[in-house]
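Coordinate analysis (summary)
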Protein chains: 4
Amino acid sequence: MAVRAAVAGASGYAGGELLRLLLTHPGIEIGALTGNSNAGRRLGALQPHLLPLADRALEPTTPEVLAGHDVVFLALPHGESAAVAEQLGEDVLVIDMGADFRLRDATDWQRFYGSPHAGTWPYGLPELPGARAALEGSKRVAVPGCYPTAVSLALFPAYAAGLAEPEAVIVAASGTSGAGKAPKPHLLGSEVMGSMAPYGVGGGHRHTPEMIQNLSAAAGERVSVSFTPTLAPMPRGILATCSARARPGVTAESVREAYEKALADEPFVHLLPEGQWPATASVYGSNAVQVQVAHDAAAGRIVAISAIDNLTKGTAGGAVQSMNIALGIDETTGLTTIGVAP
Amino acid sequence: MAVRAAVAGASGYAGGELLRLLLTHPGIEIGALTGNSNAGRRLGALQPHLLPLADRALEPTTPEVLAGHDVVFLALPHGESAAVAEQLGEDVLVIDMGADFRLRDATDWQRFYGSPHAGTWPYGLPELPGARAALEGSKRVAVPGCYPTAVSLALFPAYAAGLAEPEAVIVAASGTSGAGKAPKPHLLGSEVMGSMAPYGVGGGHRHTPEMIQNLSAAAGERVSVSFTPTLAPMPRGILATCSARARPGVTAESVREAYEKALADEPFVHLLPEGQWPATASVYGSNAVQVQVAHDAAAGRIVAISAIDNLTKGTAGGAVQSMNIALGIDETTGLTTIGVAP
Amino acid sequence: MAVRAAVAGASGYAGGELLRLLLTHPGIEIGALTGNSNAGRRLGALQPHLLPLADRALEPTTPEVLAGHDVVFLALPHGESAAVAEQLGEDVLVIDMGADFRLRDATDWQRFYGSPHAGTWPYGLPELPGARAALEGSKRVAVPGCYPTAVSLALFPAYAAGLAEPEAVIVAASGTSGAGKAPKPHLLGSEVMGSMAPYGVGGGHRHTPEMIQNLSAAAGERVSVSFTPTLAPMPRGILATCSARARPGVTAESVREAYEKALADEPFVHLLPEGQWPATASVYGSNAVQVQVAHDAAAGRIVAISAIDNLTKGTAGGAVQSMNIALGIDETTGLTTIGVAP
Amino acid sequence: MAVRAAVAGASGYAGGELLRLLLTHPGIEIGALTGNSNAGRRLGALQPHLLPLADRALEPTTPEVLAGHDVVFLALPHGESAAVAEQLGEDVLVIDMGADFRLRDATDWQRFYGSPHAGTWPYGLPELPGARAALEGSKRVAVPGCYPTAVSLALFPAYAAGLAEPEAVIVAASGTSGAGKAPKPHLLGSEVMGSMAPYGVGGGHRHTPEMIQNLSAAAGERVSVSFTPTLAPMPRGILATCSARARPGVTAESVREAYEKALADEPFVHLLPEGQWPATASVYGSNAVQVQVAHDAAAGRIVAISAIDNLTKGTAGGAVQSMNIALGIDETTGLTTIGVAP
């Protein structure tokens, strides 16, 4: 019997990507689709690429509309998920694609988001040590941020194996869909095409504490993170370039071995053959993560680079992957490692 | 029992897209993958987005390698298909994604391609009147060119209904993958990004006789075609803007009605609601065709516009759709109308 | 003594491009810069590429602020220029970069813009027959629309020489800056990158009557225009593909000769050598127009294609060129035919 | 009297950009233009954006052709400059835009370029301490690499003021023109659009020793550099994100002060106001460098970011700036700080 899923926030990029995936998921029946400012509009006008849903109309995001589903996905602005989630039964699987329940530290939340902390839910990055067990059978899932997904998967093997000093330096380039669909001048095509630009420099980006949380857990000690996000002239994709000083005695071989071991059984994280480097085009529309790592002996650093699709593995694909685990079905159902390229 | 398929020319863009589709086609088992200059290389290095095939090696394109398959796809340069096809048995389904067998008129072939005409195979654009019947059970299929696919689907309803004068004016914009993977200076990213440029202006493009063939068949009289292709700064997609003078008495209503009737039952061709226009982003990676039509009363013309993905519906998706029909399985198997957007 | 120029609407794309040109114009001193919603803001925050003006603040668009200048450029939304222009003295050169004074026919204006017609000013496309004389010494200039600039320069030689039937078919691709800086969802980078899409199809675009006006004047008879604009994934540039049925007796030679004759002395319009076609990248940031023309004998049509930078020759460069003529200084002052490429 | 300049390698991107600048340089007369594989071809076919030079033909790169000029620019592949320079008189100003004479350490050269070291010429980055004096009156100039230009200008103030630990971590994104005009599969538009990808990871990029040379000189001690270049989907521009651990006692104020002091008198390097970050679009086609710096107290690092146009300040503009100094004319002649945006 099909699992019935509702999507709150179906008019945005995260919601649209989620619907793209759910449409081909064999175990899911798509139920209510909601959106507040767009309630009443045809989905065909808002998400013209989702042809099979073109004639569906958006409903308002209310408890009544969301009732009667087995799974409810929340693709809402930060800070709005808690209020909606409270009104859903404890036996409903609620998957929050926003930030509200990602952080364990209430002080971090308060500092970066400026509102009271709503709580902490099992974290939907199954590849991290211990994460799968926490997701199995859970009725609540906090989907990770897109940058923390790319960064944590690139660096956790180095930290888990004790190879890297606890000071990570990360520069990541993201496609513009990561900034959402609300129109702002700096996100206009005229502004972004032909341009690379940083933002949130110097520790201000809200994904920083989430990266620290993940890497510190892998390292078993507090890891500091210097994180610089940049906006790249492409619709999708994150390329995360991550490095840390190598601990004494680390060699190219020990680094390679640690990554091979950590990622060997992962269905979506693919350590590339030596000499081949990730490209975001290769994971376009797929749930795959391409990872490569090098030991720069002259600079004394481990450099790990990952490429993901920010909307797929970085948001909606990660949500579906965690849903599969929570529901006890095969983790890869409805997901692919095949990108759309060129 | 799975149908076993070989792909000759698996290292190019058409071959790569075909493999992307065949990988998720439930009735297909992927057999030999060949490529002459790249024989021996890992597919992971050539098509890094096709993760499940990363460790497959390319073989040379020989009769021995291609033997023992139920279907052989030819993604070869123009003029090379006939020699390979001759060596394949008559009971093997051969699907040519090149131009060799598209034209009925040997003189046209000779004039535009400069070599002897190899013959004419059933034409793989099922939506054209009579095309499906010719494909059913056929052991040979000529996949249409990408521009003719977009143009024919935009204009045949007008011609089939006798609404348009037999002089079509077509301007189409194509993503760069239509120009192939062989590196040439004018196809460098530095050259194409930020630029629109025409080519083959004035009747010289090889797809012109194919459009004339299709539109003339629909009209029941010779249709002339003025065709201007342009290269657009995007990897995929064709937007075809097609117009012809409206015959006397034609109205917006009669145009709309003709298109609704002609396209009503097509699984992949979608006539958009009035007021909504096609965008190539909406069909990215999908086999869908978005069509819209207007009657410009002041200028006395019918304007029909279509958007396709040149690699999917325009090449590899069209090939799979025709294969399905030839094999007698559901026409939509392994294909989607869901685009990857934004 | 320097000519003192004010710019009303200095925060938008047209205003920014105008300032870029005026900064290197040897005869101009930049005076007041105004903008209503952005009044009080530093130009450095609004136009970060105009480093020499970074510390200038925008003032409100009032008669007092605009007083005391020799030239006032109006880069305002359509319909707002008339009210401002009325308050400027008759001895001030007023150059309207909006649409308000372009059309001669009040009915056309009313139909396409929905407001009362403000009047008609000398038309700032000096290359059209008779246009230069009307601009010399004029105190009012209506700068043409970007599409009409590209289209008129591509087609007027054919019509002036009597080579073409009076039914033009035009498909043009424009960079996104033509749609302005006001943020709208369909102009987001995420939406436009990787996509081509038409708009205003079927005769609805406001630039249509302006094209008809220009081409009819050249032809000496009413020319109908079927115009389809498309949005291309690039910040700047217009590629206009224009065609019309050739009159009896027209040959490739007679077409070439007509274009060579019509464009021979133009400093900015460059007829390319045979075999070379325009590309918008080649005129990026320049006031040049690249034109090429072909006679498609099989289809019986003349195909003329032009490439311009929509912000330079299509807007601000055209404004400066007309200003030079109106002021009696060399027409090319402060303008270049050198593009920024690749 | 005009200075007569020859350009060896006029068909590539560096040569084309140099010609774009020299065409508007008031003191320069453009002499011989050479190119070996393209000798005999019209420049209009090779550099269609340089309209004033369209009818010039390329000559072969021989001593005879290059003789009789006051300045000779070498835009040749690495390793070819020395042989040409030897044949030019000692009184001719030779400006090498390649790598041959940038490095002081012959061992570094040998290791990264694999050929014997040709020598060391005065280094054309005038903003570095002591560099201007070495350039004044010099007859030989080595133009810096594009990445070292961006990185050195972002970080030298921190090192010169003793604020940073001698371990720099740099991730830079470059437009594709940095990879040159020779067609290679991974540089095709189809491959680069929509994709970010690293290359030369782990210390292998040839610009690394040049960065170490510059930063070590500023610091007065050996600075190690971890450098990761990435290819971004844009034709031009470099965004360099550079960081290093802050020395004890460093504050946001001391960092700001050091940068303001170091860059105060520079005509091309612009420290942005606090809160505004560089964007490559803002320096498109200009010789300006936008710099911003932050002190990330939580991570204990100084983060400095610069944006340049890789072809202008990063190559040809830097060459002209150094030429001006060497010739004793105003350093800013023929150069601009105004970008072409959007």
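For clarity, every value in this text was computed on a predicted model and none was experimentally measured.

**Structural notes on the interface of chain D and chain A**
Contact with chain D, which involves 40 residues of that partner, is made by 40 residues of chain A. Across the salt bridge formed by R245 of chain A and E167 of chain D, the nearest N and O atoms sit 2.7 Å from each other. For the pair chain D and chain A, the number of links is nine residue pairs in polar contact (both at pLDDT 80 or more). Of all elements in the fold, only β6 (164–174), α8 (189–192), β7 (197–198), β8 (224–231), β9 (238–246), β11 (289–296) and β12 (301–308) of chain D reach the threshold of two or more residues within the side of chain D that touches chain A. Take the side of chain D that touches chain A: its biggest share by element is five residues, from β8 of chain D. Its residues placed into classes, the side of chain D that touches chain A shows 22 nonpolar, twelve polar and six charged.

**Re the domain arrangement of chain A**
Interfaces are often sized by the accessible area lost when the parts come together. All names here are of chain A. When cut into domains, chain A gives domain 1 (3–143 + 314–327) and domain 2 (147–308). Of note, the centres of domain 1 and domain 2, computed from C-alpha atoms alone, are 24 Å apart. Contact with domain 1, which involves 25 residues of that partner, is made by 25 residues of domain 2. Taken over both partners, the interface formed by domain 1 and domain 2 buries close to 2200 Å², and the fraction arising from carbon and sulfur atoms is 53%. Together, Y13, F112 and E127 form the three largest contributors to the area buried by domain 1 at its contact with domain 2, with a combined 29%. Applying the counting criterion to the domain 1 and domain 2 interface returns three salt bridges. E266 is the salt-bridge partner of R132, the closest N and O atoms lying 2.7 Å from each other. One can count eleven residue pairs in polar contact (both at pLDDT 80 or more) joining domain 1 with domain 2. If you list the elements that add at least two residues to the side of domain 1 that touches domain 2, you get α1 (13–22), α5 (106–113) and α11 (312–327). Partitioning the side of domain 1 that touches domain 2 into residue classes produces nine nonpolar, eight polar and eight charged.

**Some points on the pairing of strand β6 (residues 167–174) of chain C**
Residues and elements named next belong to chain C. For β6, a buried count of seven out of eight residues is recorded, marking the element as mostly surrounded by other parts of the structure. Summarising the sheet, β6 and strand β8 (residues 224–231) pair through eight bridges and their orientation is parallel. Counterpart to V171 in the pairing with β8 is T228. Sheet topology places β6 next to strand β9 (residues 238–245); six bridges connect them, and they run antiparallel.

**Comments concerning the pairing of strand β4 (residues 93–96) of chain D**
Residues and elements named next belong to chain D. The two faces of β4 match: L93 and I95 on one face and V94 and D96 on the other face are all buried. Relative to β4, strand β3 (residues 71–74) is paired through four bridges, and the arrangement is parallel. Bridge pairing links F73 to I95 in β4. In this fold, the crossover linking β3 to β4 by way of helix α4 (residues 81–86) has right-handed handedness. Two elements, β4 and strand β5 (residues 140–142), share three bridges in a ladder whose sense is parallel. Across the sheet, the residue bridging to I95 is V141, located in β5.

**A short note on the relation of the copies chain A and chain B**
Mapping chain A onto chain B leaves a residual RMSD of 0.0 Å; the transformation is a rotation of 180 degrees accompanied by 0.0 Å of translation along its axis. When the rotation and shift are considered jointly, the pair of chain copies conforms to a two-fold rotation axis. When the interface residues of chain A are mapped onto chain B, 97% of them are again interface residues, pointing to one common binding face.

**Regarding the relation of the copies chain D and chain A**
Note that the two copies of the chain are related through a rotation about an axis and a translation along the same axis. The transformation that overlays chain D on chain A combines an axial shift of 0.0 Å with a rotation of 180 degrees, and the residual RMSD is 0.0 Å. Comparing interface residues between copies, 100% of those in chain D also sit at the interface in chain A, which points to an isologous, same-surface contact.

**Observations concerning the UniProt feature "domain: Semialdehyde dehydrogenase NAD-binding" (unreviewed entry) in chain A**
Mapped onto this numbering, the UniProt entry gives "domain: Semialdehyde dehydrogenase NAD-binding" (unreviewed entry) at residues 4–136 of chain A. Segment residues 4–136 of chain A splits into 28% helix and 15% strand. End C-alpha atoms: 19 Å apart.

**Concerning the UniProt feature "active site" (unreviewed entry) in chain A**
All names here are of chain A. The UniProt entry lists C146 under the feature "active site" (unreviewed entry), expressed in the numbering used here. Within the secondary structure, C146 sits in helix α7 (residues 146–160). When sequence neighbours within four positions are dropped, the list of residues in contact with C146 reads H207, I238, I308, N310, G314 and T315.

**Considerations on the sheet that holds strand β4 (residues 93–96) of chain A**
Residue and element names in this part refer to chain A. Pairing in this open sheet of five strands is parallel, and the strands run β2-β1-β3-β4-β5 from one edge to the other. One side of each edge strand has no neighbouring strand; the edge strands of this open sheet are β2 (28–34) and β5 (140–142). Pairwise comparison of adjacent strand axes, ignoring direction, gives a mean angle of 20 degrees for this sheet. Packing of α1 onto the sheet brings it into contact with β1 (3–8), β2 and β3 (71–74), and relative to β1 it is tilted by some 165 degrees. Sheet strands touched by α11: β1, β2, β3, β4 and β5. Its angle to β4, the strand with the most contacts, is close to 155 degrees.

**With respect to the sheet that holds strand β1 (residues 3–8) of chain B**
All names here are of chain B. The parallel open sheet is built from five strands, whose spatial order is β2-β1-β3-β4-β5. Lying at the two open borders of the sheet, with one neighbouring strand each, are β2 (28–34) and β5 (140–142). Across the sheet, the mean angle from the axis of one strand to that of its neighbour is 20 degrees, orientation sign disregarded. Alignment of β1 against strand β3 (residues 71–74), held across four bridges, turns out to be parallel. Bridge pairing in β3 links A5 to V71. With respect to the sheet, helix α1 (residues 13–22) is in contact with β1, β2 and β3, its orientation differing from that of β1 by roughly 165 degrees. Of the strands in this sheet, β1, β2, β3, β4 (93–96) and β5 are in contact with helix α11 (residues 312–327), which crosses β4 at around 155 degrees.

**Some thoughts on the environment of T208 of chain C**
Structurally, T208 of chain C is set in helix α9 (residues 208–219). Not counting residues up to four positions away in its chain, the partners in contact with T208 of chain C are G203, V225 and F227 of chain C.

**Some points on the pattern of salt bridges**
Residue and element names in this part refer to chain A. Overall, the coordinates contain 60 salt bridges over all chains when judged by the stated rule. The residue D55 makes a salt bridge to R42 at a minimum N-O spacing of 3.1 Å. Here D55 is found in the loop between α2 (43–46) and α3 (63–66), whereas its partner R42 is found in the loop between β2 and α2, with 13 residues between them in sequence. One continuous salt-bridge network, built from bridges that share partners, spans E17, R20, R236 and D309.

How each quantity is defined
Residues numbered from 1 in each chain as written. Chains lettered and ligands numbered in written order. Predicted model: local features only at pLDDT ≥ 70, side-chain atom pairs only at ≥ 80, totals over all residues. Heavy atoms only, no water. Contact = heavy atoms within 4.5 Å. Salt bridge = Lys/Arg side-chain N within 4 Å of Asp/Glu carboxyl O. Polar contact = N/O pair within 3.5 Å; in protein donor to acceptor, adjacent residues only side chain to side chain. Helix = DSSP H or I, 4+ residues; strand = E, 2+ residues; numbered from the N terminus. Nonpolar A, V, L, I, M, F, W, Y, C, P; charged D, E, K, R; others polar. Domains from an automatic or database assignment. Buried area = accessible area lost by both parts, 1.4 Å probe. Buried < 20%, exposed > 50% of the residue type's maximum accessible area, 1.4 Å probe, protein only. Pairing = 2+ DSSP bridges. Right-handed = clockwise from strand over helix to strand, strands pointing away. Least-squares fit on C-alpha atoms with pLDDT ≥ 70 in both. UniProt positions renumbered as here; feature names shortened; annotations may be inferred. Axes fitted to C-alpha atoms, helices over the stretch in contact; angles between N-to-C directions.

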